[in-house]
Structure formats: C-alpha cells, structure tokens
Amino acid sequence: MKKLLILSLLIVVSCNQKKETDFTTLFEKSEGTETPTYKEVTSYYKDLSDSYSEISMLEFGKTDSGNPLHLIVFNTDGKTNKNEIKTSKKNRILINNGIHPGESDGIDASMLLLRNIVQSDSLKKVYKNSLICVIPVYNIGGALNRNSHTRANQNGPKEYGFRGNARNFDLNRDFIKQDTKNAQSFSEIFHAVNPDVFIDNHVSNGADYQYAITHLFTQHNKFGGDLGTYLENEIRPYLENSLNKKGIAITPYVNVWGTTPDKGWSQFMDSPRYSTGYTTLFNTFGMMVETHMLKPYKIRVEQTYELLFSMLDFTEENSTKIKDLRAKAVEKIVENKTYPIQFAVNRDNPTKFNFKGYEGSYIDSKVTNGKRLFYDKTKPFEKEVNYFNNFITTKEVTIPKAYLIPQGWCKVIDRLQNNNIEFTRLKNDTIITVEVQHIKSFKTVSNPFEGHYLHYNTEIESSLEEIQFLEGDYLIPTNQNGIRYLLETLEAEAVDSFFNWNFFDTILQRKEGFSPYVFEDKAEDFLSKNPLIKAEFEAKIKTDTTFAKSSVMQLNWIYMQTPHYEPAHMRLPVFKIQK
Ligand SMILES: [Zn+2]
C-alpha cells in the first residue's frame with residue numbers, strides 16, 4: 001500500500017513536471033525578434049512530443065549535415081508511427097520549413113501552430129480529421145551555419161542560418177536531381193505522408209510593396225485539369241478571403257525583378273526542381289509562402305501562422321473534394337493520351353486585380369555613379385495591375401505505355417525507387433521494337449548551376465528501332481501514381497528531365513573513332529555498295545559550302561552512315577513502348 005502510494009505520488013509529480021514544461025518560444029520571449037537554433041528547435045519538439053500524446057517526433061533518413069531529418073506529426077488518435085501515417089484516412093498536410101534557413105518565418109510559425117493546437121481542446125476537435133505533418137528544419141546544415149549577415153535585405157530575426165546546405169546546395173533546386181541526402185530523405189517523408197496539401201515557407205526578395213505576405217501556388221495550368229482549376233478557382237480565393245477576414249492583405253507572389261510591380265508581372269513557373277513543382281508531380285496541392293523581407297519579423301511570423309491555419313481550415317472543410325480530385329488525377333492524365341512538357345506565359349489573358357504598392361522611381365545613386373530604384377513609402381497606391389497567371393502549352397508528348405531503361409543507369413533507377421515508381425525486370429534477353437529518342441540539339445549553361453552544367457532547349461528526334469535488351473532491364477509502365485514524375489524526368493525535352501540534369505551526359509561523347517588514312521579505303525568501298533548514300537553525299541557537297549571545304553567533315557559524315565558508328569552516341573537510354 002505504502003509502495004503504491006509512493007508510486008502514484010511519483011506519477012503525479014512526473015505528470016506535473018511534464019505539464020509545467022515551459023513551451024513559450026524564443027520568438028515570443030524576444031517579442032518577435034529572434035528565432036531559435038536548430039538544437040533549440042529539436043529539443044522543443046522533443047519536449048512537446050514527450051508531453052503530448054498527439055505529437056510524434058519521427059526520423060526519416062539523414063541530411064548532408066549528418067543529422068537525421070525529423071518529421072513532427074499531430075494526430076488526435078495519439079502516437080503515430082510511419083506505417084500509421086501511410087495508412088491513415090485523415091486529411092494530410094505537410095508543412096516544410098527552413099529549406100532556406102535564413103527565411104525562418106515558418107520555423108517559428110509552425111512551433112506556435114502545433115503548440116497552440118495541442119494545448120487547446122477546441123482546436124484539437126477542429127483538426128481531429130487532420131494529420132498535420134511538419135518538417136521543423138529541412139536544411140539542417142544551413143541552419144547550423146548561423147550568422148547575422150547573409151540576408152542583407154531582411155528585417156530580422158537577429159540571427160539565422162544560411163541558404164546553402166552542408167554542401168552548399170540550394171535545396172529548393174534539388175527535388176528532381178536529388179544530389180543531397182536531404183532531398184532523398186524528403187522524398188521518403190513525402191511518399192509516406194502523401195500530402196493532400198503541401199506548404200513550403202519562405203521569405204521573398206525583390207520589389208517593395210505594402211503586403212507582408214504573398215502566396216506562390218504551383219502554376220495552375222501546369223498542375224492541369226480539374227486539379228488546376230480547383231486550385232485557381234477555389235483554393236486561391238478561399239485563402240485570400242480567409243486572410244482578409246483576419247485583417248491580413250495578401251497578394252500573389254510579386255515576381256518582379258529590376259522594375260516596379262505597377263507594370264504587372266507573370267506568375268512564377270515552378271518547374272519540378274522546386275518544392276511545389278515536385279509535389280505537383282504527385283497531384284498534391286502545393287504552395288510556397290513568401291513573406292516580405294522588409295516587414296518586421298514579428299509580423300511576418302504572425303501572418304505565416306494565420307495562413308497555415310487558413311489552409312488547414314480549407315483542407316478540413318473540403319477534404320472529400322480534395323481527396324476525390326486527387327484519386328481521379330492519374331486516370332484523367334492517362335485518358336488525355338498526351339502530356340504537356342513545356343509552357344509559355346499567355347500575354348493576351350492576364351488576371352486583373354487591385355495591387356497595394358508604393359510609388360517607385362529611379363533617382364541618382366549616392367553610392368555609384370548610376371541610378372537607383374527608390375520606393376517612396378509616403379506614396380502608397382492601390383492600382384489595377386495585370387497578373388499574367390495563365391500559361392499555354394508549347395510542347396506536349398504522347399504518353400507511352402511504358403519506358404524501358406537498361407539496368408546500368410543505376411542513378412536514374414535509384415531516383416525512381418526513391419519516388420515509389422513501380423516497375424518489373426525483364427526475365428530474358430529480348431529484342432523489342434521501341435521508340436528511340438536521339439538528341440538532335442541542346443544548349444548548356446556556361447557557368448556551373450547547382451553542381452551541374454544544366455542543359456536546356458533540348459530537342460530530340462524519334463525513330464522506331466529494334467533494340468536488344470538484357471535480362472534484368474527495367475520495364476516501367478506509365479499507368480501508375482508516379483506517371484507525371486516519369487514523364488517530367490524521362491522525356492528529354494522537359495525542363496527538368498534527367499537528360500537536362502546531366503544524368504546521361506556520357507552518351508554525348510563518342511567512345512570510338514577512326515583514323516582517316518585507314519578509313520579512306522572503307523569509305524570508298526561503302527559508297528560504291530550504297531549508291532543512295534553516295535548520291536546524298538554528293539548532293540550535300542553541292543549544297544553545303546562548309547561541308548564541301550572540309551575533307552574531315554566529309555569522311556566523318558560517311559563514317560556516321562556506316563555500321564562502324566556506335567549506336568549509343570546521342571541516343572537516350574530511355575526507350576518507349578507506345579502500344
Ligand atoms: Zn526561399
């Protein structure tokens with residue numbers, strides 16, 4: 001009896017101790033001027049999960065910093081493991097913070113959000129059908145590289161992390177190429193959560209205006225179909241109205257550089273290298289939040305916090321519709337038979353809205369001998385502007401029934417596996433008639449970009465050929481959840497294709513060649529046996545003056561028509577089965 005009494009006293013004491021943990025954040029203690037270090041954020045969530053059964057703290061893989069990537073999960077059903085996340089029928093929201101750790105607004109807003117929900121019986125009831133998943137700090141290496149200077153134009157907090165990760169990658173360009181462990185671990189989280197709604201928190205650079213917060217939804221025409229329409233016609237207006245009711249003015253992200261917003265601007269195109277471009281590949285409603293760098297930190301965090309609640313509310317209120325749209329998305333894409341891979345702004349069809357800006361003008365610089373842009377805060381205005389947020393398709397591809405990739409291309413296969421792509425392996429060596437893509441032309445950036453010499457303006461030529469495949473090569477059907485991921489990475493002409501990100505650069509170089517003095521005799525023999533090619537050769541000499549002047553070019557041209565020329569040169573090792 002005495003023992004029991006002591007035991008229960010201990011429990012009471014320990015329970016009391018837990019309840020007494022102070023969850024006031026550094027942001028609050030500093031009156032909105034400071035953000036915690038990575039270690040402080042981690043220990044805050046550890047304490048929160050120790051104190052509240054509705055909060056779970058999970059580890060998903062590593063980051064380049066050596067530290068694990070954490071996921072915090074709010075679930076009123078209690079402690080939640082990875083498998084329960086995957087099978088839950090609840091609304092799924094994923095919030096990403098600190099991809100650019102200097103832009104720490106979301107880190108603080110999320111700490112307040114989860115604490116306030118878990119400490120309020122009424123809020124717990126409101127979000128009882130939601131699985132709220134938060135990545136506390138995505139770029140841990142950047143967060144550990146703390147300083148007070150690298151956000152030159154930003155109004156607080158006092159200290160913050162750096163944009164580059166532990167290996168100086170910008171993680172918001174790494175979602176397709178996955179050079180970092182961060183991106184690989186992110187895809188593990190993303191596919192476990194399979195979010196209906198994804199929010200990535202940032203702070204903007206660029207023009208000055210009255211708003212402290214802007215929304216950057218994934219581009220709705222690219223998102224496409226019923227999903228894109230719903231995003232543009234339902235979610236965007238809901239969010240804008242919801243924040244307006246809370247007294248917060250919000251504008252579409254002001255994608256203006258080197259000029260002033262009153263002239264209008266086009267929507268930012270978030271190709272799949274970016275977070276929301278990536279989440280779109282799996283039919284998730286994605287948005288970036290961009291608060292305005294010149295507004296005080298306190299206001300930016302408070303408005304991010306309110307935006308998160310508005311998006312949670314929308315998801316709660318419309319979960320059936322959201323889940324229904326997502327469930328039908330793949331079927332609709334397959335039905336379309338073609339898939340758009342390139343877009344351009346439609347300059348003829350802007351959306352008009354009243355923008356709250358400041359008068360801007362160019363005045364003499366006091367520093368350089370040039371002019372400088374000056375926003376006059378004593379001259380606020382509200383003017384109608386053109387917002388070019390409608391895009392048209394400029395290139396589309398026929399959706400193949402399947403892709404075939406030889407097993408040697410393991411870096412590509414690794415990324416498909418990281419993204420839950422389903423495939424089978426060929427059981428025998430087989431010759432299959434497939435559509436082959438030959439690289440016709442491409443351009444390459446002249447300076448390194450995110451660890452790559454990125455290609456662009458890529459064009460291919462297709463042909464039907466019989467190709468020898470080997471046992472174990474990968475057969476990847478397109479009719480699966482990851483159809484968009486496959487199309488956007490394997491179609492060489494898509495902006496963020498694996499080809500453009502240098503995964504296939506070895507095909508751009510010939511591995512064998514010829515010595516002209518030896519090949520001369522073979523060339524003569526080849527032309528005499530192939531009169532059609534000979535006629536083509538002679539015609540080319542007559543019409544192409546450069547060609548006519550170069551014996552090297554002429555011999556090389558003949559070589560490329562012979563069986564000596566290696567088939568792998570310029571041939572993408574991604575083959576298509578169309579029917
Ligand atoms: Zn950012």
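Residues numbered from 1 in each chain as written. Predicted model: local features only at pLDDT ≥ 70, side-chain atom pairs only at ≥ 80, totals over all residues. Heavy atoms only, no water.

> How should the coordination of the zinc ion be read in this particular structure?
For a metal with four donors in a tetrahedral arrangement, the ideal angle between donors is 109.5 degrees, while six donors in an octahedron ideally sit at 90 or 180 degrees. Every protein donor of the zinc ion is accounted for by His-100 (ND1), Glu-103 (OE) and His-202 (ND1), and the metal-donor separations fall at 2.0 to 2.1 Å. Spacing between the donor residues of the zinc ion along their common chain follows H-x2-E-x98-H. With Glu-103 in the loop between strand 3 (91-96) and helix 5 (105-118) and His-202 in strand 5 (residues 197-204), this pair connects stretches of sequence that are 99 residues apart. (Donors = N, O, S within 2.8 Å, 3.2 Å for Na, K, Ca; no water. Helix = DSSP H or I, 4+ residues; strand = E, 2+ residues; numbered from the N terminus.)

> I keep staring at the layout of surface pockets and nothing clicks. Help me out?
Which parts of space are left empty comes out when a probe the size of a water molecule is rolled across the atoms. Approximately 350 Å³ is the volume attributed to the largest pocket. Taken together, 20 residues line the largest pocket, and the ones lying closest to its centre are Gly-224, Gly-225, Asp-226, Ile-333 and Asn-336. For the lining of the largest pocket, the element with the highest residue contribution is helix 13 (residues 319-336), accounting for eight residues. (1 Å grid on protein atoms, 1.4 Å probe; cavity = no way out; pocket = protein on both sides within 12 Å on 5 of 7 lines; lining within 4 Å. Points joined across faces, edges and corners; volume = space filled by probe spheres on them.)

> Looking at this structure, how should I read helix 16 (residues 516-529)?
Given 3.6 residues to a turn, an α-helix orients residues that are three or four positions apart in the same direction. For helix 16, which comprises 14 residues, the first-to-last C-alpha distance of 19 Å matches the rise-based estimate of 20 Å (1.5 Å per residue) to within 8%. Every buried residue of helix 16 is accounted for by Phe-519, Ala-523, Phe-526 and Leu-527. On its buried face, helix 16 is in contact with helix 17 (531-543) and helix 19 (551-561). (Expected span 1.5 Å × (residues − 1). Buried < 20%, exposed > 50% of the residue type's maximum accessible area, 1.4 Å probe, protein only. Contact = heavy atoms within 4.5 Å.)

> What is the right way to look at the nonpolar core in this model?
The tendency in soluble globular proteins is for nonpolar side chains to be buried side by side. Counting residues in each nonpolar core, the largest one holds 113 residues, and the members touching the most others are Leu-71, Leu-94, Leu-113, Leu-114, Ile-132, Phe-285 and Leu-416. For this core, the element with the highest residue contribution is helix 12 (residues 297-317), accounting for nine residues. Three or more residues apiece are contributed to this core by two domains, here domain 1 (55-338) and domain 2 (400-510 + 569-577). Discounting chain neighbours no more than four positions away, the residues touching Leu-113 are Ile-95, Ile-132, Tyr-305, Leu-308, Phe-309 and Leu-312. The next biggest cluster of nonpolar side chains, apart from the first, holds 13 residues, and it includes Val-254, Phe-353, Phe-355 and Tyr-375. (Core = buried A, V, L, I, M, F, W, Y, C linked by side-chain atoms within 4.5 Å. Domains from an automatic or database assignment.)

> Is there a simple way to explain the environment of Lys-90 in this structure?
Here Lys-90 is to be found in the loop between helix 4 (82-87) and strand 3. Here Lys-90 falls in the buried class, since its relative accessible area comes to 11%. Spatially, the C-alpha atoms of Lys-90 and Ser-130 are 5.2 Å apart, while their sequence positions differ by 40 residues. With residues up to four places along the chain from it excluded, the contact list for Lys-90 reads Asn-75, Thr-76, Asp-77, Lys-128, Asn-129, Ser-130, Leu-131, Asp-196 and Lys-323. A distance of 3.4 Å separates a polar atom in the side chain of Lys-90 from a polar atom in the side chain of Asp-77. (Polar contact = N/O pair within 3.5 Å; in protein donor to acceptor, adjacent residues only side chain to side chain.)

> Please explain the packing of aromatic side chains as it appears in this structure.
A ring pair, where both rings are aromatic, is described by two values, the distance of the centres and the angle of the planes. What the rule picks out here adds up to 45 aromatic pairs. Relative to Phe-355, the ring of Tyr-209 has its centre 6.0 Å away and its plane inclined at 65°; by these criteria the two rings are edge-to-face. Of this pair, Tyr-209 sits in the loop between strand 5 and strand 6 (213-217) while Phe-355 sits in strand 11 (residues 351-364), and the two are 146 residues apart along the sequence. The class for Tyr-209 is buried, based on a relative accessible area of 1%. (Phe/Tyr/Trp six-rings, centres within 6.5 Å; stacked < 30°, edge-to-face > 60°.)

> Mind showing me how you'd approach the pairing of strand 11 here?
The side chains of a regular strand alternate between both faces of the sheet. The sheet contact formed by strand 11 and strand 12 (residues 371-388) spans 14 bridges and is antiparallel. Its bridge partner being in strand 12, Asp-364 is matched across the sheet by Lys-371. Where strand 11 folds back onto strand 12 in an antiparallel hairpin, the turn is made up of six residues. (Pairing = 2+ DSSP bridges.)

> What should I look at first to understand the pattern of salt bridges in this one?
When the charged atoms of two side chains lie near each other, side chains of opposite charge can form a pair. According to the stated counting rule, one finds 36 salt bridges in the structure shown. The shortest N-O distance in the salt bridge between Asp-64 and Arg-167 comes to 2.9 Å. Note that Asp-64 is positioned in the loop between strand 1 (55-62) and strand 2 (68-74) and Arg-167 in the loop between helix 7 (140-144) and helix 8 (181-193), a separation of 103 residues in sequence. The exposure class assigned to Asp-64 is buried, which follows from its relative accessible area of 17%. With its nearest N and O atoms 3.5 Å apart, the salt bridge here joins Asp-270 to Lys-222. (Salt bridge = Lys/Arg side-chain N within 4 Å of Asp/Glu carboxyl O.)

> Quick question: what am I supposed to make of the sheet that holds strand 3 here?
Two orientations exist for strands paired in a sheet by backbone hydrogen bonds: parallel and antiparallel. With respect to topology, eight strands assemble into an open sheet ordered 1-2-4-3-5-9-6-7, the strand pairing being mixed. The sheet is open, and its two edges are formed by strand 1 and strand 7 (250-252), each paired on a single side. If you compare each strand with its neighbour and ignore which way they point, the axes differ by 25° on average. Relative to strand 4 (residues 130-135), strand 2 runs antiparallel, the two being bridged by three bridges. Among the inter-strand pairings, Phe-74 is bridged to a residue of strand 4, identified as Ile-132. Contacting strand 1, strand 2 and strand 4, helix 3 (residues 38-51) crosses the sheet at an angle of about 135° to strand 1. (Axes fitted to C-alpha atoms, helices over the stretch in contact; angles between N-to-C directions.)

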